[in-house]
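Structural overview for review
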Amino acid sequence: MRNQFIVALFLGVVYMGCTKPSIKNENPSEPLTGNRLVALADTEKILQNANPNVMVGAAVNINLLPQTGAYRDLVIKHYNSLTAENAMKMTALQPQEGTFNFSDHTIEDVALNYGLKRIHGHTLVWHNGLPNWIKNWETAALPPAFPTRAAKFDSIMSRHIRTVIANYDNPASIYKDAAGKPLMKSWDVVNEALDDNGDYRSTQNIVNGVDKGSIWYRTIGKLYIEKAFTYARMAAEAQGDTGIKLFYNDYGHDYSAKKLDSIYKMVMALKQITVNGKPIIDGIGMQFHININSSNTNIKNALIKMASTGLLIHMSELDISLNKPGLPFSSTVLNLQKQKFEDVAMLYRKYVVAAQRWGITTWDVGDNDSWLTYSNGVQVDGATVYDINYVKKPAFYFLYDGLYLAIPASL
Ligand code: G3I
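All values derive from a computational prediction rather than experimental measurement. (Residues numbered from 1 in each chain as written. Predicted model: local features only at pLDDT ≥ 70, side-chain atom pairs only at ≥ 80, totals over all residues. Heavy atoms only, no water.)

We now examine the overall build of the protein. In terms of helices and strands, the protein carries 12 helices and 15 strands. Split into buried and exposed, the 411 residues of the protein put 53% on the buried side. Surface summary for the protein: the accessible area is close to 17,700 Å², and the carbon and sulfur share equals 54%. (Helix = DSSP H or I, 4+ residues; strand = E, 2+ residues; numbered from the N terminus. Buried < 20%, exposed > 50% of the residue type's maximum accessible area, 1.4 Å probe, protein only. Areas by Shrake-Rupley, 256 points an atom, 1.4 Å probe, with all protein chains shown as cover.)

Before going further, it helps to spend a moment on the packing of aromatic side chains. For the coordinates displayed, the defined rule picks out 10 aromatic pairs. Residues F247 and W358 carry aromatic rings whose centres are separated by 5.9 Å and whose planes lie at 45° to one another, so their mutual orientation is tilted. On the criterion of sequence distance, the pair formed by F247 in strand β7 (residues 245–250) and W358 in strand β13 (residues 357–362) is long-range, its members being 111 residues apart. The two residues F247 and W358 agree in class, both being buried. With a centroid separation of 5.2 Å and an interplanar angle of 75°, the aromatic rings of F396 and Y397 are classed as edge-to-face. Given a relative accessible area of 0%, F396 falls into the buried group. (Phe/Tyr/Trp six-rings, centres within 6.5 Å; stacked < 30°, edge-to-face > 60°.)

Attention now goes to the pairing of strand β2 (residues 81–84). Burial along β2 is two-sided: S81 and T83 and L82 and A84, pointing in opposite directions, are all buried. Where strand β1 (residues 56–60) and β2 come together, four bridges link them in parallel fashion. Bridge pairing links G57 to S81 in β2. Considered for its hand, the β-α-β crossover made up of β1, helix α2 (residues 70–78) and β2 is right-handed. (Pairing = 2+ DSSP bridges. Right-handed = clockwise from strand over helix to strand, strands pointing away.)

Put simply, H122 and T123 share a cis peptide bond, and its omega is 0°. Structurally, the position occupied by T123 is in strand β3 (residues 118–126). The omega torsion across L327 and P328 is -10°, close enough to zero to call that bond cis. With respect to the helices and strands, the residue P328 is situated in the loop between β12 (312–321) and α11 (331–351). Even without being glycine, D364 reaches a positive phi, approximately 85°. Along the chain, the position of D364 falls in the loop between β13 and β14 (374–375). Judged by relative accessible area, D364 falls into the buried class, the value being 0%. The backbone of Y390 shows a phi angle near 65°, a positive value even though the residue is not glycine.

Looking at where S321 falls in the secondary structure, it is placed in strand β12. Of the residues examined, S321 reaches a relative accessible area of 10% and is grouped as buried. Along the primary structure S321 and N291 are separated by 30 residues, whereas in three dimensions their C-alpha atoms are 4.3 Å apart.

As a further point, take the side chain of D369. By the secondary structure assignment, D369 is in the loop between β13 and β14. Separated by 2.8 Å, the side chain of D369 and the backbone nitrogen of V365 make a polar contact. Every residue in contact with D369, bar those within four places of it in the chain, is listed here: L64, Y71, E85, D364 and Y390. (Polar contact = N/O pair within 3.5 Å; in protein donor to acceptor, adjacent residues only side chain to side chain. Contact = heavy atoms within 4.5 Å.)

What follows concerns the pattern of salt bridges. Inspection of every chain in the model, using the stated rule, returns 13 salt bridges. Note that R218 is salt-bridged to D211, the shortest N-O span being 2.8 Å. A relative accessible area of 12% places D211 in the buried class. Between D261 and K265 there is a salt bridge, and its shortest N-O distance comes to 2.6 Å. One end of the pair is D261 and the other is K265, both in helix α9 (residues 257–271) and four residues apart, which spans about a single turn. Residue D261 is classed as partly exposed on the basis of its relative accessible area of 25%. Its relative accessible area of 53% is what places K265 among the exposed residues. (Salt bridge = Lys/Arg side-chain N within 4 Å of Asp/Glu carboxyl O.)

Take the confidence of the model for the protein next. Considering every residue of the protein, the mean pLDDT works out to 90; 89% of them sit at 70 or more. Residue range residues 4–19 is modelled with pLDDT below 50. Its contacts to residues more than four positions away, or to other chains, number five contacts. When the criterion is pLDDT under 50, residues 25–43 qualifies, and its contacts beyond four places in sequence or with other chains add up to 30 contacts. (pLDDT = per-residue confidence, 0-100.)

A separate point is the site of the ligand. In the vicinity of the ligand, 13 residues are found, and the nearest of them are E85, K89, H122, E192 and E317. Between the ligand and the protein, one listed contact pairs an oxygen atom with a side-chain N or O atom of H122 at 2.7 Å. With respect to the ligand, the side chain of E192 contributes an N or O atom lying 2.7 Å from a nitrogen atom. When atoms are counted within 2 Å of each cavity's grid points, the one that captures over half of the ligand is the largest pocket. Looking at the shell around the ligand residue by residue, the class counts come to three nonpolar, six polar and four charged. (Near = heavy atom within 4 Å. 1 Å grid on protein atoms, 1.4 Å probe; cavity = no way out; pocket = protein on both sides within 12 Å on 5 of 7 lines; lining within 4 Å. Sits in = over half its atoms within 2 Å of the grid points. Nonpolar A, V, L, I, M, F, W, Y, C, P; charged D, E, K, R; others polar.)

This part takes up the environment of S186. Structurally, S186 is set in strand β4 (residues 184–191). Exposure remark for S186: the relative accessible area of 0% places this residue in the buried category. Between the alpha carbons of S186 and I119 there is a distance of 7.2 Å; along the sequence they are 67 residues apart.

So, about the layout of surface pockets. Rolled over the atoms, a probe as big as a water molecule pinpoints where empty space is left. If you add up the space inside the largest pocket, you get close to 690 Å³. Residue lining of the largest pocket: 27 residues in total, with E192, Y251, Q287, H289 and W371 positioned closest to the centre. Sorting the residues of the lining of the largest pocket by element identifies β3, β11 (289–291) and β12 as the ones contributing at least two each. Here the lining of the largest pocket gets three residues from one element, more than from any other, and that element is β12. Residues of the lining of the largest pocket, tallied by class, amount to nine nonpolar, nine polar and nine charged. (Points joined across faces, edges and corners; volume = space filled by probe spheres on them.)

Structure representation (structure tokens):
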């Protein structure tokens, strides 16, 4: 008995010397087995400490963040990077033409006061999240100063980019990191410019009140993309911010080979364009709105292809849909989800070298605030790692393990 104890102790010490153990058994809903080696206190910053080479972030809602409670606690406790789910879209920042609204500092305050490492800006140029005034300019009579509609939209786009970047890059801003650099470290400059066939979004196509085509493409033409990046780089340089990272952000890399290819070609072309000797693009946001059946092989191939650009890779909007199975969620779908969270984190670590990782950001914090959860007030999905009461789901522990554990050769 005593010998068995010594052997067990020895094996335990050897194991802990090699790698920290899985924390899956921290989950009370998982059976505790005899090999639970450490108990991480719930006060520890678990996710953001899982792997020093992967920054972990979440998309946050500025209406929920100021309220004390589980949502705010989790954001402060587990994440190092914040993305505004909606608060930095054009509709929020320029609600009337020429009137910018930078009065909300919720995200910056949380990042500053709780020592989070960065804020990721989302998003400067998108076909969605637009204020109505801009839509009106597609048909309204042009003022004499603008000979063409392209000139008018170019002017709108450049002013928006210049003003927004300058605000968050303002040298007088208090929102700085420990090194005195702006907390706003990066921007999705252009968001979702391509459709699933790999073509540029263009023709107006209103679905549920949202135009799936791009007003920017229709008015400026495809040059709007390189113009947007050029304006963004110029705006940051003008503020003396030489370190800001500029991203092209999109989804569908895993399920549309055509779109993947178009994104690759587009970013490679953008990489050749420089301002002050610096490429106008630094990175690719791969959103990863995936589901429990998304193919690991496709995810792997997409990561390899995007990483081959040499650009930074941000898994920028990760959530894993249960595919709206109806309540109660079966253990089958929840098990598939937790495994996919682990797989995705491991695939990211395996196929994106540390120097190219901008990190993994989940889209929204928990199921309660996820854009996918509710339909007409009824819960239909649960794509995040916390349930609607902000209790950690098995997926939380598997995401941690995906960030932390050794990667199996099979992935
Ligand atoms: O704030 C208004 C509210 O005043 C109004 O009463 C209500 C009526 O519908 O709408 C509210 O605004 C909604 C907003 O979310 C805040 O809830 C908008 O209608 C709605 O369109 C908006 O949806 C957001 C969507 O982007 C469009 O901007 C989602 O929350 C947000 O999760 C989603 O995020 C996108 C990323 O930006 C880009 N990638 C895909 C991702 C998911 O669709």
